[in-house]
Amino acid sequence: MPILTLESTCDETAAAVISADGTVLGDCVATQETLHEQFGGVVPEVAARAHVERILPVIDTALRISGVRGDELDAIAVADRPGLAGSLLVGVVAAKTLAVAWKKPLVAVNHLHAHLYACQMAVDFPVYPCIGLVVSGGHTSLYHCLSPLDLEYLGGTIDDAAGEAFDKVGSMLNLGFPGGPAVSKLAQSGNPTAFDYPRSMLNDASYRFSFSGLKTAVRYSIAPPGIKDFSEIQLPEQTKADICASFQAAVVEVLVKKSVRAVKQYQTKHLIVGGGVAANPMLRSQLQTAAEKNAFTLVIAPMKLCTDNAVMGAIALEKIKRGEFADLDLDITAGLQRGF
Ligand code: KG4
Ligand code: ZN
């Protein structure tokens, strides 16, 4: 029997209906990009209110596409961590309510583990054990993954996440929100060596990352100290493209180098990569080159499953196999601490 999965960790409201063998029967994502664009970033309270408006229509749409009725479901799964507190609450409360109304068991999903599980969903061979890299708007984390549910956190960012840095650079260059897709598009016509930006912690023995120094370096190449309002700054298109290309090259170099080092240290055959920044074409191609050079298999989440969605909530099926259900007193874990 199928399950219903819900996702509302940040600024996408999503629901999916997935059969016991992992087939996606129905899927619906409502994005909030236009709501947050004017602020240049996700505003938590705005996001939470938008989730409240969207969660029921989104669930309804996913069920309608699937042709499955609520009472035909096997379980209700929901991402309960990590994310924005108000956003998480909406999904968790909806899931608990439906679990009670339809008398269905509840399954709690870790959003970051789900981002990695999206990679397993794309291929027909087992990717675990492997090294997993999550690169999203909120997280940059490396894991040694023994199975979909048994992950050892190796390290992550100590300040900005990779996607957050893309968004902030996009915002300083007035490219709109979210910045990642716009920065990577403009980078295609730029020179990646035009600006010599720092590769923080590149040679640090740990698996920690830092992107805030890079962001600050970009800031000073856009405007001199003292300028706070970037909306008035007019740079030549080529300079903007060169900044984007050089910034992107710095982020990608660090992500690739540390991921490859982890694959070698843990002697895994696979590297899996999920999260919104995994949609970045340069990251994808440089990881592929590294995989060929170092003889490991690279599995990147399909484009549609890189950014937030409920399909990757299929990881709940693994929990159901283990009999790991949540109680009705399930609470959210916002988890701004990094070790997720
Ligand atoms: O995984 P996701 O949808 O949300 C979180 O869980 O955070 O990731 C969103 C992030 C944003 O920061 C966005 O700018 C970034 O993914 N992103 C990209 C690209 N597409 C989305 N970053 C770089 N290059 C891209 N092509
Ligand atoms: Zn995410």
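Look above for the structure.
Residues numbered from 1 in each chain as written. Chains lettered and ligands numbered in written order. Predicted model: local features only at pLDDT ≥ 70, side-chain atom pairs only at ≥ 80, totals over all residues. Heavy atoms only, no water.

## Some details on the nonpolar core
With 85 residues, the main nonpolar core has Val135, Val218, Ile222, Phe247, Leu255 and Val273 as its most contacted residues. Of the residues forming this core, the biggest block, 14 residues, is contributed by helix H8 (residues 237-266). Composition of this core by domain shows at least three residues from each of domain 1 (3-115 + 307-322) and domain 2 (126-300). Other than its neighbours up to four places away in sequence, Phe247 contacts Ala165, Phe166, Val169, Val183, Tyr197, Leu214 and Val218. Listed in part, the 27 residues of the second largest apolar core include Val58, Ala62, Leu73 and Ala108. (Core = buried A, V, L, I, M, F, W, Y, C linked by side-chain atoms within 4.5 Å. Buried < 20%, exposed > 50% of the residue type's maximum accessible area, 1.4 Å probe, protein only. Helix = DSSP H or I, 4+ residues; strand = E, 2+ residues; numbered from the N terminus. Domains from an automatic or database assignment. Contact = heavy atoms within 4.5 Å.)

## Quick word on the sheet that holds strand S5 (residues 106-110)
Strand-to-strand pairing in sheets goes through backbone hydrogen bonds, with the strands running parallel or antiparallel. Read from one edge of the open sheet, five strands run S3-S2-S1-S4-S5, paired in mixed fashion. At either margin of the open sheet sits one strand with a lone partner, and together these are strand S3 (24-31) and S5. Strand after strand, the sheet turns through a mean of 20° between neighbouring axes, direction not considered. Pairing between strand S1 (residues 3-7) and strand S4 (residues 75-81): four bridges, direction parallel. Its bridge partner lying in S4, Leu6 is registered against Val78. Taken strand by strand, helix H3 (residues 85-102) contacts S1, S4 and S5, and its axis lies near 160° from that of S4. (Pairing = 2+ DSSP bridges. Axes fitted to C-alpha atoms, helices over the stretch in contact; angles between N-to-C directions.)

## Topic: unusual backbone geometry
The linkage connecting Tyr128 with the following residue, Pro129, adopts the cis geometry, with an omega of 0°. Within the secondary structure layout, Pro129 lies in the loop between helix H4 (111-120) and strand S6 (130-135). The step from Phe177 to Pro178 runs through a cis peptide bond, and the omega angle for that step is -5°. Along the chain, the position of Pro178 falls in the loop between helix H5 (162-172) and helix H6 (179-187). In the Ramachandran plot, Lys103 falls in the positive-phi region, its phi being about 55° despite a non-glycine side chain. Among the secondary structure elements, Lys103 is positioned in the loop between H3 and S5.

## Brief notes about the environment of Gly323
Tracing the chain through its elements places Gly323 in the segment after helix H11 (315-321). What makes Gly323 partly exposed here is its relative accessible area of 45%. Note: C-alpha distance between Gly323 and Val107 (216 residues apart in sequence) is 9.5 Å.

## Details of the pattern of salt bridges
Applying the stated criterion across every chain, the model contains 13 salt bridges. Residue Arg322 pairs with Asp150 through a salt bridge whose shortest N-O separation is 2.4 Å. A residue pair is termed long-range when its members are at least 10 positions apart, and Arg322 in the segment after H11 and Asp150 in the loop between strand S7 (140-145) and strand S8 (151-156) qualify at 172 residues. Between Arg199 and Glu253 there is a salt bridge, with the nearest N and O atoms lying 2.8 Å from each other. One end of the pair, Arg199, is in the loop between H6 and helix H7 (212-222); the other, Glu253, is in helix H8, with 54 residues separating them in the sequence. (Salt bridge = Lys/Arg side-chain N within 4 Å of Asp/Glu carboxyl O.)

## Some details on the side chain of Asp80
Assignment of secondary structure puts Asp80 in strand S4. A distance of 3.3 Å separates polar atoms of two side chains, one belonging to Asp80 and the other to Arg81. In contact with Asp80, other than residues within four places in its own chain, are Leu88, Val92, Ala108, Val109, Asn110, Leu330, Asp331, Ile332 and Thr333. (Polar contact = N/O pair within 3.5 Å; in protein donor to acceptor, adjacent residues only side chain to side chain.)

## Considerations on the site of ligand 1
In the vicinity of ligand 1 there are 20 residues, among which Gly137, Asp167, Gly180, Gly276 and Asp308 approach most closely. Here an oxygen atom of ligand 1 sits 3.2 Å away from a polar atom, N or O, in the side chain of His115. The contact in question runs from a nitrogen atom of ligand 1 to an N or O atom on the side chain of Asn280, over 3.1 Å. Counting residues per element, the ones that place at least two in the shell around ligand 1 are H4, H5 and H6. When its residues are assigned to classes, the shell around ligand 1 shows six nonpolar, twelve polar and two charged. (Near = heavy atom within 4 Å. Nonpolar A, V, L, I, M, F, W, Y, C, P; charged D, E, K, R; others polar.)

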